[in-house]
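Examining the three-dimensional arrangement
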Amino acid sequence: VSTSSLEALRLYTRAVRAQAAGEAIDRVSLLQQAVTLDSNFAMAWRALYIDLNNLGGDQALIADAITRTYNLRDHLPAHEALLAEAAYSTYQGDFDRSIEVYRRIVASWPDDTRARNNLGHDLRTFGRYEEAEQVLSALVVSGLASASAFYNLITTQIPLGRADEARQTLLLL
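To start, this report covers the structure provided alongside it. As the structure is a computational prediction, the values presented were derived from the model and not from experiment.

A look at the nonpolar core
Residues Tyr12, Phe41, Leu48, Tyr102 and Ile105 are the most contacted members of the largest nonpolar core, which totals 46 residues. Sequence-distant contacts of Phe41, defined by excluding residues within four places in its chain, comprise Val1, Ser2, Thr3, Ala8, Leu9, Tyr12, Ala34, Val35 and Leu72.

Focus on the side chain of Asp51
For Asp51, the location among the structural elements is in helix α3 (residues 42-54). Taking the relative accessible area as the measure of exposure, Asp51 reaches 6% and is therefore buried. Here Arg27 takes part through its side chain, which lies 3.0 Å from a polar atom of the side chain of Asp51. Residues in contact with Asp51, not counting those within four places in the same chain, are Arg27, Val28 and Leu31.

Brief notes about the side chain of Asp38
By the secondary structure assignment, Asp38 is in the loop between α2 (27-37) and α3. Lacking a salt bridge, the buried Asp38 has Arg68 as its closest oppositely charged neighbour, with an N-O distance of 9.3 Å. A polar side-chain atom of Asp38 sits 2.9 Å from the main-chain amide nitrogen of Asn40.

What about the pattern of salt bridges?
Taken as a whole and judged by the stated rule, the model has twelve salt bridges. We note a salt bridge from Glu23 to Arg14, for which the minimum N-O separation is 2.7 Å. Owing to a relative accessible area of 30%, Glu23 belongs among the partly exposed residues under this scheme. A salt bridge links Arg27 to Asp51; its shortest N-O distance comes to 3.0 Å. Pair noted here: Arg27 is in helix α2 and Asp51 is in helix α3, with a separation of 24 residues, a long-range link.

As for the packing of helix α9 (residues 147-157) against helix α10 (residues 163-172)
Contact pair α9 / α10: the axes reach a minimum separation of 8 Å and the direction vectors enclose 170 degrees. Here α9 is positioned roughly antiparallel relative to α10, judged by the angle of their axes. Between α9 and α10, the contacting residues are Phe150, Leu153, Ile154 and Gln157 on the first element and Glu165, Ala166, Thr169, Leu170 and Leu172 on the second. Among the residues forming the contact of α9 with α10, the class breakdown is six nonpolar, two polar and one charged.

Conventions adopted
- Residues numbered from 1 in each chain as written.
- Predicted model: local features only at pLDDT ≥ 70, side-chain atom pairs only at ≥ 80, totals over all residues.
- Heavy atoms only, no water.
- Core = buried A, V, L, I, M, F, W, Y, C linked by side-chain atoms within 4.5 Å.
- Buried < 20%, exposed > 50% of the residue type's maximum accessible area, 1.4 Å probe, protein only.
- Contact = heavy atoms within 4.5 Å.
- Helix = DSSP H or I, 4+ residues; strand = E, 2+ residues; numbered from the N terminus.
- Polar contact = N/O pair within 3.5 Å; in protein donor to acceptor, adjacent residues only side chain to side chain.
- Lys, Arg positive; Asp, Glu negative; His and termini not counted.
- Salt bridge = Lys/Arg side-chain N within 4 Å of Asp/Glu carboxyl O.
- Axes fitted to C-alpha atoms, helices over the stretch in contact; angles between N-to-C directions.
- Parallel < 35°, antiparallel > 145°, perpendicular 65-115°, else oblique.
- Nonpolar A, V, L, I, M, F, W, Y, C, P; charged D, E, K, R; others polar.

Right, here's the structure in full:
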């Protein structure tokens, strides 16, 4: 990620690692501190958007965070710019675009577990359960999946009528 502030990077890293580990800490506060230290820290804005959105936070703050992320994308390396574009597309409800962008990210950066998880999430949200299950199952099997990837896989398997597989996924946590 790109930031001009070492302290902002430290705060962002702490928040992202806690999220990946399923650790219950106040990530929103950490990310708000990070963007206060560096208002051009696009990936911290993106993470803040995701956390606020997942927590059902204030809609004005959510809109501000994703809009800032999107507006800063031209100043980012290609990978980060694509992540910003994909998140903004998801926020706008343009799942065709977000899926296409996440596919590009995964093709170029196959180790990007966030993009793989978000691709699965958006495929599921768009009702493309079979594709979502393939993406998310591969991520879970890789051993690199975050807690949210397990949740996304389980909530993909259930509508497919795969309750036994969903139970097995839950047991892997």
